[in-house]
Amino acid sequence: QVQLVESGGGLVQAGGSLRLSCAASGRTFSPYNMGWFRQAPGKEREFVAGVSWPGGNTKYADSVKGRFTVSRDNAENTVYLQMNSLKPEDTAVYYCAALRNFFYYRDYEKYDYWGQGTQVTVSS
């Protein structure tokens, strides 16, 4: 069992930045690939970014490419999502999740463990 806890969400103005963290505990962090998803009210959960184990491969949704950066610190069992140039449409609850096979990084149903989520609100 892997426990995931997100932090770093909050309220920010459009154009601002936030850095989300996802701390893992329980079973070993390795060799899980990690993903970030988000869900806005009334919308489906969508893939945002993913990073493979141990960190050599990253993937992004087209909507966040060039603005968001995913990274991981395996020594600290933590994954990060740096979000720059935030837009009101980035407002959502953001979740981190752990995945065994990075081939399925976009498919939220393939992820084994999820955090509780952290709210990000971007005002215009």
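What counts as what
- Residues numbered from 1 in each chain as written.
- Predicted model: local features only at pLDDT ≥ 70, side-chain atom pairs only at ≥ 80, totals over all residues.
- Heavy atoms only, no water.
- Helix = DSSP H or I, 4+ residues; strand = E, 2+ residues; numbered from the N terminus.
- Rg over C-alpha atoms; globule rule 2.2 N^0.38 Å.
- Contact = heavy atoms within 4.5 Å.
- Areas by Shrake-Rupley, 256 points an atom, 1.4 Å probe, with all protein chains shown as cover.
- Core = buried A, V, L, I, M, F, W, Y, C linked by side-chain atoms within 4.5 Å.
- Buried < 20%, exposed > 50% of the residue type's maximum accessible area, 1.4 Å probe, protein only.
- Lys, Arg positive; Asp, Glu negative; His and termini not counted.
- Salt bridge = Lys/Arg side-chain N within 4 Å of Asp/Glu carboxyl O.
- Polar contact = N/O pair within 3.5 Å; in protein donor to acceptor, adjacent residues only side chain to side chain.
- Disulfide = S-S within 2.5 Å.
- Pairing = 2+ DSSP bridges.

## A closer look at the overall build of the protein chain
- Each helix and strand counted, the protein chain has zero helices and 11 strands in total.
- Listing each helix as α and each strand as β along the protein chain from the N terminus yields β-β-β-β-β-β-β-β-β-β-β.
- A compact globule built from 124 residues would reach a C-alpha radius of gyration of about 14 Å, and the protein chain, at 13 Å, matches this within 12%.
- Seen through its C-alpha atoms, the protein chain measures out along the principal axes to roughly 40 × 25 × 25 Å.
- Relative to all contacts within the protein chain whose residues are 6 or more apart in sequence, the contacts with residues 24 or more apart total 58%.
- When the accessible area of the protein chain is evaluated, it comes to approximately 6300 Å², of which 46% is carbon and sulfur surface.

## Overview of the nonpolar core
- Membership of the largest hydrophobic core comes to 38 residues, with the highest contact counts inside it found for L4, M34, W36, L81, M83 and Y94.
- With six residues, strand β9 (residues 92–99) is the largest single contributor of residues to this core.
- Residues within four places of M34 in sequence aside, it is in contact with L4, C22, F29, A49, G50, V51, R72, V79, A97, A98 and Y111.

## Structural notes on the side chain of E6
- Tracing the sequence through the fold places E6 in strand β1 (residues 2–7).
- At 7.8 Å, R45 is the nearest oppositely charged side chain to E6, a buried residue that forms no salt bridge.
- At a separation of 2.8 Å, a polar atom in the side chain of E6 contacts the main-chain amide nitrogen of C96.
- A polar contact is formed between the side chain of E6 and the backbone nitrogen of Q116, at a distance of 3.0 Å.
- What E6 contacts, discounting residues up to four positions off in sequence, is S21, C22, W36, Y94, Y95, C96, G115, Q116, G117 and T118.

## Some details on the state of the cysteines
- Under the defined criterion, the tally for this structure stands at one disulfide.
- Each sulfur of the disulfide joining C22 and C96 lies 1.9 Å from the other. With the S-S bond torsion at 55°, the cross-link from C22 to C96 turns out right-handed. Here the residue C22 occupies a position in strand β3 (residues 18–26), and C96 occupies one in strand β9, the gap between them amounting to 74 residues.

## Notes on the pairing of strand β8 (residues 78–83)
- Of all the six residues making up β8, five are buried; the element is thus mostly covered by neighbouring parts of the structure.
- Across six bridges, β3 lies against β8 in antiparallel orientation. Bridge pairing in β8 places A23 opposite T78.
- Pairing of strand β7 (residues 68–73) with β8 involves six bridges; the strand directions are antiparallel. When the sheet's bridge partners are listed, S71 is paired in β8 with Y80.
- Following β7, the chain reverses through four residues before pairing antiparallel with β8; N77 in that reversal takes a positive phi of roughly 50°.

Everything listed here is a matter of geometry and, on its own, says nothing about what the molecule does.
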